[in-house]
Amino acid sequence: MTRNFASLALARLYEKQGYIDDALEIYRAIDTSQSPDAKNILDTISRLEAQKKTANVDCKENLREPGQDALKPDQTGTKEARMAHMLEIWLKLIVMQKRVDIFKHIKARL
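Residues numbered from 1 in each chain as written. Predicted model: local features only at pLDDT ≥ 70, side-chain atom pairs only at ≥ 80, totals over all residues. Heavy atoms only, no water.

K.L.:
Outline the overall build of the chain, listing residues and values.
P.N.:
From N to C terminus, the chain includes 4 helices and 0 strands. The proportion of buried residues among the 110 residues of the chain is 18%. Partitioning the contacts of the chain with sequence separation of at least 6, the portion at a separation of at least 24 is 27%. As displayed, the chain has an accessible area near 9200 Å², and 58% of this comes from carbon and sulfur atoms. (Helix = DSSP H or I, 4+ residues; strand = E, 2+ residues; numbered from the N terminus. Buried < 20%, exposed > 50% of the residue type's maximum accessible area, 1.4 Å probe, protein only. Contact = heavy atoms within 4.5 Å. Areas by Shrake-Rupley, 256 points an atom, 1.4 Å probe, with all protein chains shown as cover.)

K.L.:
Could you give me a rundown of helix α1 (residues 8–17), with the residues and numbers involved?
P.N.:
Three or more residues of α1 are buried, namely Leu-8, Ala-11 and Glu-15. Projection of α1 onto a plane perpendicular to its axis shows the buried side chains occupying an angular sector of 65°, all on one side. Counted as exposed and oriented over 90 degrees from the buried face of α1: Ala-9 and Lys-16. Immediately beyond the C-terminal end of α1, within one or two residues, lies Gly-18, with a positive phi of roughly 95°. (Arc of directions from axis to C-beta.)

K.L.:
Summarise a nonpolar patch on the surface; cite the residues concerned and give the values.
P.N.:
A cluster of nonpolar side chains, namely Met-83, Met-86, Leu-87, Trp-90, Leu-91, Ile-94 and Val-95, defines an oily patch on the protein surface of about 690 Å² accessible area. Mapped onto the elements, Met-83 comes out in helix α4 (residues 79–109). Note on Met-83: relative accessible area 43%, which makes it partly exposed. (Patch = residues over 30% accessible without salt bridge, like charges linked within 9 Å, V, L, I, M, F, W, Y side chains within 5 Å. Salt bridge = Lys/Arg side-chain N within 4 Å of Asp/Glu carboxyl O.)

K.L.:
Describe the packing of aromatic side chains, and please don't skip the residues or the numbers.
P.N.:
All chains considered together, the criterion is met by 1 aromatic pair. Here the aromatic rings of Tyr-14 and Tyr-19 are separated by 6.1 Å at their centres, their planes lie at 85°, and the arrangement is edge-to-face. Classification of Tyr-19 as partly exposed rests on a relative accessible area of 43%. (Phe/Tyr/Trp six-rings, centres within 6.5 Å; stacked < 30°, edge-to-face > 60°.)

K.L.:
Outline the pattern of salt bridges, supporting the account with residue identities and numerical values.
P.N.:
One pass over the full model with this rule turns up 5 salt bridges. One salt bridge in this structure joins Lys-39 and Asp-43, with 3.1 Å as the shortest N-O distance. Of this pair, Lys-39 and Asp-43 both sit in helix α3 (residues 38–61), 4 residues apart, roughly one helical turn. A residue is classified by how much of its surface remains accessible, and Lys-39, at 61% relative accessible area, is exposed. On the accessibility criterion, Asp-43 (40% relative accessible area) is partly exposed.

K.L.:
Help me get a handle on the packing of α1 against helix α2 (residues 20–29), residues and values and all.
P.N.:
At a minimum axis distance of 8 Å, the contact between α1 and α2 shows a crossing angle of 160°. Considering their axes alone, α1 and α2 lie roughly antiparallel with respect to each other. The interaxial crossing formed by α1 with α2 has left-handed handedness. Two secondary-structure elements touch here, α1 through Leu-8, Leu-10, Ala-11, Arg-12, Tyr-14 and Glu-15 and α2 through Ile-20, Asp-22, Ala-23, Ile-26 and Tyr-27. (Axes fitted to C-alpha atoms, helices over the stretch in contact; angles between N-to-C directions. Parallel < 35°, antiparallel > 145°, perpendicular 65-115°, else oblique. Left-handed = near helix turned anticlockwise from the far one by under 90°.)

K.L.:
Describe the nonpolar core, naming the residues involved and giving the relevant values.
P.N.:
Judged by nonpolar contacts, Leu-8, Ala-11, Ile-20, Ala-23, Leu-24, Ile-26, Tyr-27, Ile-30, Ile-41, Ile-45 and Leu-48 together constitute the single largest core of 11 residues. Within the residue set of this core, elements represented by two or more residues are α1, α2 and α3. With sequence-adjacent residues up to four places away left out, Leu-24 is seen in contact with Ile-45, Leu-48, Glu-49 and Lys-52. (Core = buried A, V, L, I, M, F, W, Y, C linked by side-chain atoms within 4.5 Å.)

In structure tokens form, the structure reads like this:
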């Protein structure tokens, strides 16, 4: 991302949409020496970096052993835990499908 397109509104939009890496890149590109929102920008950068680290730790905890199916719930949990796991997977698939649909829509407009 070039500095020409770096704006606080764009960074906030990326953050709101969940594109943390892109938002961080833009926040870092904004010249905080002349911005009245400098403290807010620096606080947001710190918060997003902490959020990113937490997300990386959560991802590592969710890794499974080789050969273990990620979509198949553990058989050691209760019926409710297995159902919650299935619903979580279902929700992830719905979100991914929505993102694919958005991508297709954007690509069609190009």
